[in-house]
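# Notes for the structure review
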Amino acid sequence: MSTSLYCNPLGHFLSKTGPQFKPETRKVKRSLFGPIDHVSSQKFLEEELERIRTTQSEKWNFDFQHEVPLSQRGGFQWKSVAPIKIKPRKRPINDFEGQDLYAIPDDVIRPTPIRFMQEKEEVTSSQKSHQNSKPQRLITDFMPVKKRSSSDCSKKIASIERPSKLPRLSELSS
Amino acid sequence: MFEARLTQSAIFKKVLDAIKDLLNEASFDCSESGIQLQAMDNSHVSLVSLTLKSDGFDKYRCDRNLTMGMNLASMSKIFKCSSNDDTVTIKAQDDADTVTFMFEAKKQDKISDYEMKLMNLDQEHLGIPETEFSCVIKMPSGEFARIVKDLSQFGESIVISCTKEGVKFSTSGDIGSANVKIAQTSNFDKEEECVSIDMQEPVTLTFACQYLNSFTKATPLTPVVQLSMSDNVPLVVEYQIPDLGHLRYYLAPKIEEDEN
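This report concerns the structure included in the present document. Quantities reported herein were computed from a predicted structural model and do not represent experimental measurements.

## Description of the overall build of chain A
- Helix and strand counts for chain A stand at six helices and three strands.
- Secondary structure elements of chain A, listed N to C terminal, follow the sequence α-α-α-β-β-α-β-α-α.
- Burial status across chain A gives 8% buried among its 174 residues.
- Contacts in chain A between residues at least 24 apart in sequence constitute 8% of all its contacts with a sequence separation of at least 6.
- When the accessible surface of chain A is totalled, it reaches about 16,900 Å², and 60% of it is carbon and sulfur.

So, in structure tokens, the structure goes:
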């Protein structure tokens, strides 16, 4: 009897699990420490940042905000390493954290090879050629470049047939 | 429809040999009056101008002006497939992008057809100014070819100076110097062998051997060559194509260094 009595309410219980459990899985309250005061937390952050800035500035004798040394008599000598940018780069709005860790291709300073040996050779060779021969004039120095008048009509036909080869802008404008 | 028929394909072969050294490709402008070609070499130092009159062809028909851009090496390949005494017919439709060369053998019943793709070339056209030349020299074309070939062994450029006495071709280089003088011939028995100088003013100009050598590839076309010179003007080397037209080469001179 007792078992049957025990079994029955369990079966009854299990059959109704779906709708009965729903109110019990309500969301946990996220506000553990009461309502947030945005103004005060912002103020706290700014104060904290200011504190870090001033202490670090005193430590390194450097104004990190303006990127200049605080005074000339400090224990450190500061020198600018990167080339001074005239135009600051406009960053995309969805700036992700840690982007500064990655090099932007333009910022990478690559060593430029100086080919002073080749330049020397070129100079000597050009001097040689100048000594041996006179400079050659071009035929276009003597004759004016004209448009192909006779071929104009046939060119137009060609351009109609083959749309990939369009007439030049200079031809269109005149 | 364009159609031009010539009983001797050899003439076309010679013309191609004469220009394919300087030009890789060229536009053939076909009109009622004939076929014309004008093109500069790659370095823009020389200019080739070819005129083939319609009267010179055995049959000529050109309904509409037509420009055919052709690769000269390919064209030369096709003409190498023909015998010298074959009859050649050049055919093209008005709106086609190919040209057909038909060769008919004289002795046997043999007809060969070669179709070649045309190119759409965008070449500059130069206005050749009318010039009164100070010196016009006519001489055997073989002689001119020989002189240019000989002198180009010694230097990169040839100085051509024309005076009343005659024409002097000279050059100098690492080995030394070379001079060839030819005087006007007095006997006019054989027109092909005589040297004639029509001179208003003496002229001395310097030209690059390389181009002159390329010009002499036209020597098989005709026994006489005509050189026209004026101070500070391109040299004109002209070869007449018997009954058909002419082939002219223009070459810009080299200038004195003192001018700069």
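## Here's the deal with the sheet that holds strand β8 (residues 98–104) of chain B
Residue and element names in this part refer to chain B.
- Strand order in this open sheet of five strands is β5-β1-β7-β8-β9, and the pairing throughout is antiparallel. Each of the sheet's edge strands pairs with one partner strand only, and the pair in question is β5 (59–62) and β9 (111–117). This sheet shows a mean twist of 15° between the axes of neighbouring strands, independent of strand direction.
- Pairing of strand β7 (residues 87–92) with β8, which is carried by five bridges, proceeds in the antiparallel orientation. Each residue of the ladder has a partner; that of Lys91, found in β8, is Thr100.
- Against the sheet, helix α2 (residues 72–80) engages β7, β8 and β9, with an angle of about 20° to β8.

## Considerations on a nonpolar patch on the surface
Residue and element names in this part refer to chain A.
- A cluster of nonpolar side chains, contributed by Trp60, Phe64, Phe76 and Trp78, occupies part of the molecular surface with about 380 Å² of accessible area.
- Tracing the backbone shows Trp60 in helix α3 (residues 38–60).
- Note on Trp60: relative accessible area 32%, which makes it partly exposed.

Scoring rules and cut-offs
Residues numbered from 1 in each chain as written. Chains lettered and ligands numbered in written order. Predicted model: local features only at pLDDT ≥ 70, side-chain atom pairs only at ≥ 80, totals over all residues. Heavy atoms only, no water. Helix = DSSP H or I, 4+ residues; strand = E, 2+ residues; numbered from the N terminus. Buried < 20%, exposed > 50% of the residue type's maximum accessible area, 1.4 Å probe, protein only. Contact = heavy atoms within 4.5 Å. Areas by Shrake-Rupley, 256 points an atom, 1.4 Å probe, with all protein chains shown as cover. Pairing = 2+ DSSP bridges. Axes fitted to C-alpha atoms, helices over the stretch in contact; angles between N-to-C directions. Patch = residues over 30% accessible without salt bridge, like charges linked within 9 Å, V, L, I, M, F, W, Y side chains within 5 Å. Salt bridge = Lys/Arg side-chain N within 4 Å of Asp/Glu carboxyl O.

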